[in-house]
Amino acid sequence: MQVQRITVKDGLSQSSPYHIFKDSRGFLWLGTLDGVNRFDGHRFRVYKPDAGNKFSFHGVNVAGIVEDKNGDIWIGSEEGLNRYDRKTDRFFLVRTSRQKRRTSPFYADEKELWFSSEGEGIMAYEFKTNRLRRIGTYAHLSRDFDYVDWTTRTPFGDVWMLGPKGVVRFDISSQTYHYYFNNTSRNEYGSPLNVYSLMVDKQNVVWLGTDHGLVRFDHQRKRHESFEWASEEEELGVVFSLAEDHNGQLWLGTQRNGLWIHDKATKRFREFQYRPNLPESLKKYEFYRVYVDNTGIIWANSDPDGLLKVVPNASMFGYLGQAHPGQPQRNLSDPSVRCIGEDGQGRIWIGTEGGLDIFDRKSGLIRERYFTDGHNVLKYIYRDSRNRMWVGTYGGIMQFDEETRQFKKHLFDSDSGSRTYVRNILELPNRKLLIGTPMGMWLFDPVTEAYERVPLLKDRNIFATYLDKQGILWLSSYFEGLYGYRISKGKWQKVYEGLDDFNINTIREDAKSNVLWIATEKGLLAFDKTKKDYRLYNEKDGLANTYIYGLLVCEDDQIFLSTNHGISSLDIPTGVFCNYNLSDGLQGYEYNGNAFMMSSRNECYFGGVNGVNYFFPSQFRKLSYRPHVYFHNFRVNEEPFEVSGYINEKNIIYLQHDQNTFSLEFASIDYYSNGRNFYQYYLEGQDEGWVNASDRTYVRYANLSPGKYLFRVKAANRDRVWNGQERQLLIVIKPPFWRTWWFSAFYLIVVAGGTYLIVQGRLRRLNRQQQERLKIVLEAQEQERKNIAQDLHDEVGSRLATLKLYLSSLTNFLKDNTEAQRIKQEAFDIITISMIDIRRLLRELNPKTLEQYGYAAAVEELIGKINASDQVRVSFECRNLPDDLPKDMQMGLYRITQELLNNTLKHANATEVTISVVPSGNTISFFYGDNGKGFDYAKASKGLGLGNIESRVTVLSGKIAWFSSPGNGLEVTIEIPYVRSQSMASSE
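Because the structure is predicted, anything quoted here is derived from the model rather than measured. Going along each chain's sequence as written, the residues are numbered from 1 onward. Residues qualify for local features only when their pLDDT is at least 70, as the model is predicted, and side-chain atom pairs are given and counted only at 80 or more; totals for whole chains, interfaces and linings, by contrast, use all residues. Hydrogens and water are ignored here; the side-chain numbers use all heavy atoms of the structure.

Visitor: Describe in detail the side chain of T7, supporting the description with residues and values.
Guide: Each helix is a run of H or I in the DSSP string that is no shorter than four residues. Each strand is a run of E no shorter than two, and both are numbered from the N terminus. In this structure, T7 sits in the loop between β1 (2-6) and β2 (19-22). Under the scheme applied here, a residue whose accessible area is under 20% of the maximum for its type counts as buried, over 50% as exposed, and between as partly exposed, the area being computed with a 1.4 Å probe on protein chains only. Given the relative accessible area of 13%, T7 is considered buried. Contacts between residues were defined by any pair of non-hydrogen atoms, one from each residue, lying within 4.5 Å. Filtering out sequence-adjacent residues up to four positions away, T7 remains in contact with L12, D305 and G306.

What follows is the structure, given as structure tokens:
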């Protein structure tokens, strides 16, 4: 089991959490004597009374914690019921009494909350009606500050509670109380007992913690069994707390007698020990509460020193050191371990600063000890191919004799005070031992017991030696890199030299990938023997510390490393490191060089300054727990953001355009990783991709543009197993009003409307200007016509008349001349026709009828002559035409009519023409139609005819529409605005 102690140093507000509850979100709630604490596995959120804040927690003595179906937390105190509302992150007090009475909630469903109330009994609070109702009249709640209420509602329809003596069962269906182990006349079973805790198991058996141990009570059969002794030597004493774990075992918290586990099947007790690498005992604490959460973790308040967390079935390192003062056979001769080896019998040889200890792994005891007098310092332990044990020391090596149980020395330095020692021993293929020292290398022949100095790397400090599967000898020299030699027939052929930037402490091989794994002061090297290239793993890759002493390559593609900051493991395929600390059972954080080994059973050993750790790599499987992420401490523009609800309960946040800098903290709810979690986050719309945050849980984004930003976070446990379910928060930064769509639309409308009005005003001005110009032109034309007409009348007409008189006088002299009379008559005819044409032209140029009698008379006169020809029939209708119709309008209408008739007579071959002029409201409606051959208006030439008509309509501010097609005649409609005079309108 993995154990961790959590105290006020870790953020707990007070060291006596008497009430423990884990909610549906995964938070652990702790009721202390100084506020309520919410724990996520990393940090504490503390809620305390605040007189200036009505939404703070009310009360001092927490008496119970439960959760309702909506996810709200109810906490009882002497002030009443405190409801923690998740959405708003606030407390709301429900007073259950006018006086201060301890209130202890113990059950909640979708309708109501049940609680024990001091002096009032069992009560219920209905959520919808906010009303209180009494369920039972009795409930015992002590006034002691450290009193823990064990009232429990069971699935069997009962409520069990403590009494001043014994226990009480309340039958919900019958509303009756039943007393057991009571000292009153109402007692139904058992002698009086002082009961401090109770628990009802799944078989409806009640377990009681008393002042004399544990009691098993089967109330249905009226039987009980007492357990006063934990062992033959030790009594249980006062059992303050009880809890059942997921394996059906009972956990018992006692009064300064430790923490015990009771197996209900075997009826045996075993004491729970704290860390095996520390001599600390749990017998100095009072365990008022033991709680087992939904994941199987055991929480116990080790009063007065905080909270104890126990994780069952956790991966733990075995430990051998000096943690058992009462069991000397488990203690090393000295805690500082310098070398480790294994003999042919599977015993572990541990060389310490105080001697050589032979550890029997099966019994877990040290069976033999050597060199405890301190005269021999052990540096290296080695077993050769013949199972002979060799020990490296100062001046040479020693061989162990199994029969005599003695060590025989073989010195290469005759100086008894030599400080040259054997750092490593390696057997070569010729069965000679290669001895590495700070002064170079020697070869030792076990047969001749003779040394031979190796001339290569002479006087070099040989740190590490290793012989790979291909027979290549790899050596390292202190800060002089790596050397590779192939030895054949006594000759050494160098095959590699390099890595001189590293101090190499250990060399091992992964034969499957042809890679050497090398421990250095700068991290872990993966050296490819084929490519002669390497990759360096360091703290950036997740390694806890770069100074590596020893490494072991395991069969399941794992490498375990001993460092200056504990033990680490590398998963080779993924390149992911896992770092272990004291809570995992480490002897300490500092380890030693040469103090590592893998046994014949593939069990790993690492020695340090406080003992040795041992473990099977297969036991250290990755944690499967996938932590959930929650948000907190959301700040905008460096200030706490006042949001309508708690940030962790929000999925979307709206900000104004000037609230474009925000920061946020996040954390994972993880009680297994001991705070060693990893995170990745991604702000869509800002980050280019996922950001590896390692264990950092704070982000800040500044000067963001308006828009939508989805913030995504995912977490991994300490083994970097990622939670597939992300925590997401949508942050919407609203644009300023001048950048909103509605403002843009309004702006476009205003601009478009303004532009339209300007354009229309401009067009109207241009139209007016054009009308004025046309009017001036037309007036000039009319004036010119009048001038021409006057000239024709005055000049041409009088001259023709004078010419006629002259011809008459002339012909008087030729009366008898027939030819002269004929010429005279022809000349008269020509003059008459000319005068008729001139009069017609005068009428067209300056129609006197129009001036004297108006439009209708002038048109009637015009069409009368056309109808007289009997070739074209013109129908004319002019009804209710105002008398005060302006002269220019009458002239315009007349010229339009005249032009249309001229076009019909010249081009249309029509036989019928219809003209209608009718006032309609404030307009004069003009219609013209003929049955001629028609034309295509779009293709028609806009000559003087059509152009003059449209120009006159424009001058009159009217609208004209042409309806014609080849073979279908012509229709023309004209609407001319006309505002009648006030006098005329009133007379009508």
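Read on, since the account is not over.
Visitor: Give a description of the packing of aromatic side chains that names residues and reports values.
Guide: Two aromatic rings, drawn from Phe, Tyr or Trp (for Trp, its six-membered ring), form a pair once their centres lie within 6.5 Å of each other, and the interplanar angle then sorts them: stacked below 30 degrees, edge-to-face above 60, tilted otherwise. Taken as a whole and assessed by the stated rule, the structure comprises 74 aromatic pairs. Ring centres of W474 and F527 lie 6.0 Å apart, and the angle between their planes is 70°; this geometry places the pair in the edge-to-face category. One end of the pair, W474, is in strand β44 (residues 472-477); the other, F527, is in strand β49 (residues 523-528), and 53 residues separate them in sequence. The two residues W474 and F527 agree in class, both being buried. Pairwise contacts between aromatic rings join F631, F634, F641, F662, F666, Y679, Y681, Y701 and F711 into one cluster. Lysine and arginine charges are scored as sitting over a ring when NZ or CZ, respectively, is within 6 Å of the ring centre and within 35 degrees of the ring normal. Against the face of W150 rests R289, its NZ or CZ located 4.3 Å from the ring centre. The residue whose ring lies beneath K522 is F502, and the NZ or CZ to ring-centre distance is 5.2 Å.

Visitor: So what about a nonpolar patch on the surface? Which residues, and what values?
Guide: A cluster of nonpolar residues, F737, W738, W741 and W742, forms a patch on the protein surface that exposes about 580 Å² of accessible area. By the element assignment, F737 lies in the loop between β66 (727-733) and α1 (741-812). On the basis of relative accessible area, F737 is assigned to the partly exposed category, the value being 48%. Like-charged residues within 9 Å of one another, or nonpolar side chains (Val, Leu, Ile, Met, Phe, Trp, Tyr) within 5 Å, are grouped into patches, provided each residue has over 30% relative accessible area and no salt bridge. To measure how exposed things are, a 1.4 Å probe is used in the Shrake-Rupley method; for residues, cover is taken only from the protein chains shown. Salt bridges, as used here, are contacts in which a Lys or Arg side-chain nitrogen is within 4 Å of a carboxyl oxygen on Asp or Glu.

Visitor: I'd like to hear about the sheet that holds strand β62 (residues 678-684), residue by residue, with values.
Guide: Sheets are built from strands paired through backbone hydrogen bonds, the pairs being either parallel or antiparallel. With mixed pairing, the five strands of this open sheet are ordered in space as β60-β66-β65-β62-β63. Pairing within the sheet leaves two strands with one partner each, and these edge strands are β60 (652-655) and β63 (691-694). Geometrically, the sheet is characterised by an average inter-axis angle of 20° between neighbouring strands, direction not taken into account. Looking at chain direction, β60 and β66 are connected through four bridges and run parallel. Along β66, the bridge assignment pairs L655 with I733. In short, DSSP must find at least two bridges between two strands for them to pair. Working convention: axes come from line fits to C-alpha atoms, limited for helices to the stretch in contact. Angles between N-to-C directions cover 0 to 180 degrees.

Visitor: Explain the sheet that holds strand β51 (residues 548-553) residue by residue, including any values.
Guide: Sheet architecture is open: four strands sit in the order β51-β52-β53-β54, paired in antiparallel fashion. Edge positions in the sheet fall to β51 and β54 (576-579), since each has one partner strand and no second. The sheet shows a mean angle of 20° between the axes of neighbouring strands, taken without regard to direction. Alignment of strand β52 (residues 558-563) against strand β53 (residues 566-571), held across six bridges, turns out to be antiparallel. Directly across from F560, in β53, lies its bridge partner S569.

Visitor: So, the packing of helix α4 (residues 855-868) against helix α5 (residues 887-908): which residues are in play, and what are the values?
Guide: The N-to-C vectors of α4 and α5 enclose an angle of 15°; their axes lie 10 Å apart at closest approach. Judged by the angle between their axes, α4 and α5 are roughly parallel. Classified by chirality, the crossing of α5 by α4 is right-handed. Each of Y855, A858, V859, L862, I863 and I866 in α4 lies in contact with α5, whose residues at this interface are Q890, L893, Y894, T897, Q898, L901 and L905. Throughout this entry, Asp, Glu, Lys and Arg are counted as charged residues, while Ala, Val, Leu, Ile, Met, Phe, Trp, Tyr, Cys and Pro are counted as nonpolar. The remaining residues, Gly among them, count as polar. A per-class count over the contact of α4 with α5 returns ten nonpolar, three polar and no charged. Each angle gets one of four labels, with under 35 degrees taken as roughly parallel, over 145 as roughly antiparallel, 65 to 115 as roughly perpendicular, and the rest as oblique. Helix crossings are classified by the rotation of the near helix relative to the far one: an anticlockwise turn of less than a right angle makes the crossing left-handed, while a clockwise turn makes it right-handed.

Visitor: Kindly report on the pairing of β66, identifying the contributing residues and their values.
Guide: Of all the seven residues making up β66, five are buried; the element is thus mostly covered by neighbouring parts of the structure. Judged from the seven bridges that link them, strand β65 (residues 707-716) and β66 form a sheet pairing that is antiparallel. Bridge pairing in β66 links F711 to L729.

Visitor: Give a detailed account of the environment of R101, specifying residues and quantitative values.
Guide: If you trace the backbone, R101 turns up in the loop between β9 (90-94) and β10 (103-108). Taking the C-alpha atoms as reference points, R101 and S644, 543 residues apart in sequence, are found 33 Å from one another. With residues up to four places along the chain from it excluded, the contact list for R101 reads S77, E78, E118, G119 and E120.

Visitor: Explain unusual backbone geometry residue by residue, including any values.
Guide: The residue after D303, namely P304, is reached through a cis peptide bond having omega 10°. Along the polypeptide, P304 turns up in the loop between β28 (298-303) and β29 (307-311). Phi is positive for R405, close to 60°, though the residue is something other than glycine. Within the element layout of this structure, R405 appears in the loop between β37 (396-401) and β38 (406-411). With a relative accessible area of 25%, R405 lands in the partly exposed category. At F479, a position not held by glycine, the phi torsion is positive, near 55°. Within the fold, F479 resides in the loop between β44 and β45 (481-488).

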